[in-house]
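Summary of the model geometry
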Amino acid sequence: MSQVKTSQGTVYEGKIPARVKYTFAFGALGKDLIYGMIATFSMIYFTDIIKVSPVFIGVMFFCAKLWDAFNDLFMGMLVDNTRSKYGKFIPWLVIGTLVNAVIFVILFTDFHLSGVGLCVFATVSYVLWGMTYTIMDIPYWSIIPNLTSDPKEREKVSVLPRIFASIGQSLIIAGFGVQIISALGGGQKGYHNFAIIIAVVFIFTIGVTVFNLPKTGDNTNVEKKKISFKGIFSIIRENDQLRSAVGLILLYNVGIQLVMGVATFYFTYVCGNAGMLSAFMISASVAEVVGLLVFPKVTEILSRKKSFLLACVLPFFGLGLLLVVGIFAPQNIILTAIAGIIVKIGMGLELGCATVFLADVVDYGEYKLGERNEGVVFSLQTLIVKFTSALTALGIGFALDLTGYVPGEEQSMLTMNFIRLLMCIIPAVSMLLAYVVYRKKYKLNDQYMKEINQVLESRK
């Protein structure tokens, strides 16, 4: 298929070539191997392997991620203001990937530090990792609404990278991470060797993506107004559907981040078997991929509204089952796996929904404000992930410390009950609240988006 720059600023009219779709999605494998390693193991690596205080790590994570979250807005502005012969996305993808891979390996390197020096190292390496990940992550997701405005094709191209991301983060890292680290030497050595392998894969997969993306450049004769940092807040203020999407995705991500952040502690100390994490995550990651695969078909049959309802209700029941199993049969692998399947099918549907919601918000912004702001809109997605990650990391750190958590030892009943609360109850409630926001505030349904795209097409 020939490459066409349409009146709406998208690269292809209708269907995207399979080579572009799949090589773009392939980049998410390495990208989320790195993210999954940080999200799943960084806290327990700092507290249990190199022995940093859980309270210090909780506060440091919160401050670092909060800074990084708002730094995302600045990166979104840079992306939208970039003009180059390779377009506004590819240069940042290359720079961010290379620098982030190096810092990632450094973070998991033992420099034999202790005391204040160790705390400084943990802080600097973690903050730099987050900032350089932002340089690559925001332009990556901002590509999606730029490829096509066709609703069905957009649903497909939104789902594919999420599938590869789930394979990297949920299946490989969360599912087999413990075993891989052990096989590579265990302890600090295992973490370091695994980090090197992940960094190499990361560079390779993003390289494949960059090589196959359309190089549209900025050859338009239309002078685009550059966005100032102040202008970002004007976009957020004037785009009501952007605010609604941010609200519902934020609430849902509180649940996701708590489950991801507490899972290792939950299975190690509440269930008494760290190996149960694999049973939960392997089954769950397969289910998440299934949820993503069926997302286009589910939305076609049930509509996006009912798809998002399923995305919010399924984790509620799955986490409820996990809570009951953790109390009465904590080492029952089958029931734990079933709970993981129910939870992650819902999360898979939500990942598909959220990506499409934001892509539609880009079109809505052009319809209402006359400008396409892919970078700003998708920077808010990463801002949400990092902000909720910061918030949950702070909560986890303080909950563990205040309830008397001792690394590597049997925990008190108070500590275990707080871990149950953070793993099962709060995430389930937060995800249900996300649907309430969707029902009351989000208006970009299938019919309305058809009308918006017709108006945009008429503005040639």
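About the cut-offs
- Residues numbered from 1 in each chain as written.
- Predicted model: local features only at pLDDT ≥ 70, side-chain atom pairs only at ≥ 80, totals over all residues.
- Heavy atoms only, no water.
- Helix = DSSP H or I, 4+ residues; strand = E, 2+ residues; numbered from the N terminus.
- Rg over C-alpha atoms; globule rule 2.2 N^0.38 Å.
- Buried < 20%, exposed > 50% of the residue type's maximum accessible area, 1.4 Å probe, protein only.
- Contact = heavy atoms within 4.5 Å.
- Areas by Shrake-Rupley, 256 points an atom, 1.4 Å probe, with all protein chains shown as cover.
- Lys, Arg positive; Asp, Glu negative; His and termini not counted.
- Charge placed at Lys NZ, Arg CZ, Asp CG, Glu CD.
- Salt bridge = Lys/Arg side-chain N within 4 Å of Asp/Glu carboxyl O.
- Patch = residues over 30% accessible without salt bridge, like charges linked within 9 Å, V, L, I, M, F, W, Y side chains within 5 Å.
- Expected span 1.5 Å × (residues − 1).
- Bend = angle between axes of the 7 residues up to and from the residue.

Here the focus is the overall build of the protein. In terms of helices and strands, the protein carries 13 helices and zero strands. Of the regular secondary structure in the protein, the N- to C-terminal order runs α-α-α-α-α-α-α-α-α-α-α-α-α. A globule of 460 residues ought to have a C-alpha radius of gyration of about 23 Å, and the protein, at 21 Å, matches this closely. Counting every position in the protein, which comprises 460 residues, the buried fraction comes to 58%. Long-range pairs, those at least 24 residues apart, make up 84% of the contacts in the protein between residues at least 6 apart in sequence. Counting only carbon and sulfur atoms, one obtains 68% of the accessible surface of the protein, whose full area is about 17800 Å². The distance from the centre of the 38 positive side-chain charges to the centre of the 29 negative ones in the protein is 4 Å.

A few words on the pattern of salt bridges. Within this structure, the stated rule accounts for three salt bridges. Among the salt bridges present, the one from K31 reaches D137, with a minimum N-O distance of 2.9 Å. Taken together, the residues span a long stretch of sequence, with K31 in helix α1 (residues 18–49) and D137 in helix α4 (residues 115–147) at a distance of 106 residues. Relative accessible area serves as the criterion here: at 2%, K31 is assigned to the buried category. The partner of D240 in a salt bridge is K368, with the nearest N and O atoms 3.1 Å apart. Highlighted residues: D240 in helix α8 (residues 240–270) and K368 in helix α10 (residues 333–369), separated in sequence by 128 residues. On the accessibility criterion, D240 (24% relative accessible area) is partly exposed. Using a relative accessible area of 45% as the deciding quantity, one classes K368 as partly exposed. A single salt-bridge network, built from bridges that share partners, covers K31, D32 and D137.

A cluster of basic residues, R243, K305, K306, R439, K440, K441 and K443, forms a positive patch at the surface. At three residues, the largest contribution of residues to the positive patch is made by helix α12 (residues 413–441). Along the polypeptide, R439 turns up in helix α12.

It helps to recall that an α-helix has 3.6 residues per turn; residues three or four apart then point in one direction. Given a rise of 1.5 Å per residue, 31 residues ought to cover 45 Å, and the 43 Å separating the end C-alpha atoms of α8 matches this to within 8%. Approximately 50 degrees is the largest bend angle found in α8, and it occurs at V262. A large share of α8 lies buried, amounting to 25 of its 31 residues. A positive backbone phi angle near 75 degrees is found at G272, which sits one or two residues after α8.

Backbone geometry at K51 places phi at a positive 65 degrees, although glycine is not the residue there. As for its placement among the helices and strands, K51 is situated in the loop between α1 and α2 (54–81). For H112, which is not glycine, the phi dihedral falls at a positive 55 degrees. On the accessibility criterion, H112 (69% relative accessible area) is exposed.

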